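Overview (structure and organization)
Residues per chain are reported as follows:
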Amino acid sequence: MESAASELNGLISEYFTARGFLQTHAMLQTEAKHHSSWHPPPSQQAGLHSDFLVAFECGERHAFFELWDSHIPSALRSTDPTCQHLEFTISVHFATYPLRKGAGNSAQSMAEFKSYLENRGAVLAQSEEFATYCALPYIPDPTRHPSFKALFTDSWSVELKARLIQFLKLTLPEANLPQLLALYLNVSPPCMTVHMCPSRSSFYYTRD
């Protein structure tokens, strides 16, 4: 984050120089030296990530989806494929949690998953990617079933947790970033350097 802020300071300095704002440029340079180390203040979202992860890791389905429905925008939940696919897979996680951890009520978790398939997850349940999971509540021992054995491996749950963390970082940022810095982080192409063309007061990119 400090590196991005420093790069953005450089761009602003270039702009001030190109526009002839020399006094402002000099003041920016002075202030930047006195504030070389900067960390954005935490936002109200900072504690949410841990709340999500605790519910996820403890198999607390109801607590997790209360957080999910309260803090993930409804437009995202209803239209974004990444969000919808993650929600479906997390529902599978909670359905299989008692069998994977040897704790909780497996019959109840499968009944809740069956209800999810019939209601909220009905559309995705008909897709080729997720149709197989419609059989999950009816398999006597899914830990031994060829189609579902992977769900009970450590790698499956670790990968799903990583996807959840990445999604939360993008959807619920933990820091209050200035809009200009957030814009820079979102639009600056990777492995490229942003330059300003003084003669045209515009920006152009070069590959590193």
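Residues numbered from 1 in each chain as written. Predicted model: local features only at pLDDT ≥ 70, side-chain atom pairs only at ≥ 80, totals over all residues. Heavy atoms only, no water.

1. Re the environment of E57
- If you trace the backbone, E57 turns up in helix α3 (residues 48-57).
- Distance from E57 to F94, taken between C-alpha atoms, is 9.5 Å for residues 37 residues apart in sequence.
- In contact with E57, other than residues within four places in its own chain, are Y97 and K161.
- At 2.2 Å, the side chain of E57 and the side chain of K161 are in polar contact. (Helix = DSSP H or I, 4+ residues; strand = E, 2+ residues; numbered from the N terminus. Contact = heavy atoms within 4.5 Å. Polar contact = N/O pair within 3.5 Å; in protein donor to acceptor, adjacent residues only side chain to side chain.)

2. Examining the side chain of E87
- Residue position: E87 is located in helix α6 (residues 81-101).
- Residue classification places E87 among the buried positions, given a relative accessible area of 6%.
- The contact partners of E87, leaving out residues within four places of it in the chain, are F65, W68, R77, Y116 and R120. (Buried < 20%, exposed > 50% of the residue type's maximum accessible area, 1.4 Å probe, protein only.)

3. Observations concerning the environment of F64
- When you line up the elements, F64 lands in helix α4 (residues 61-71).
- Considered as a pair, F64 and L53 are eleven residues apart in the sequence and their alpha carbons are 8.4 Å apart.
- In this structure, F64 is in contact with F52, A55, F56, I90, F94 and L164, ignoring residues within four places of it in sequence.

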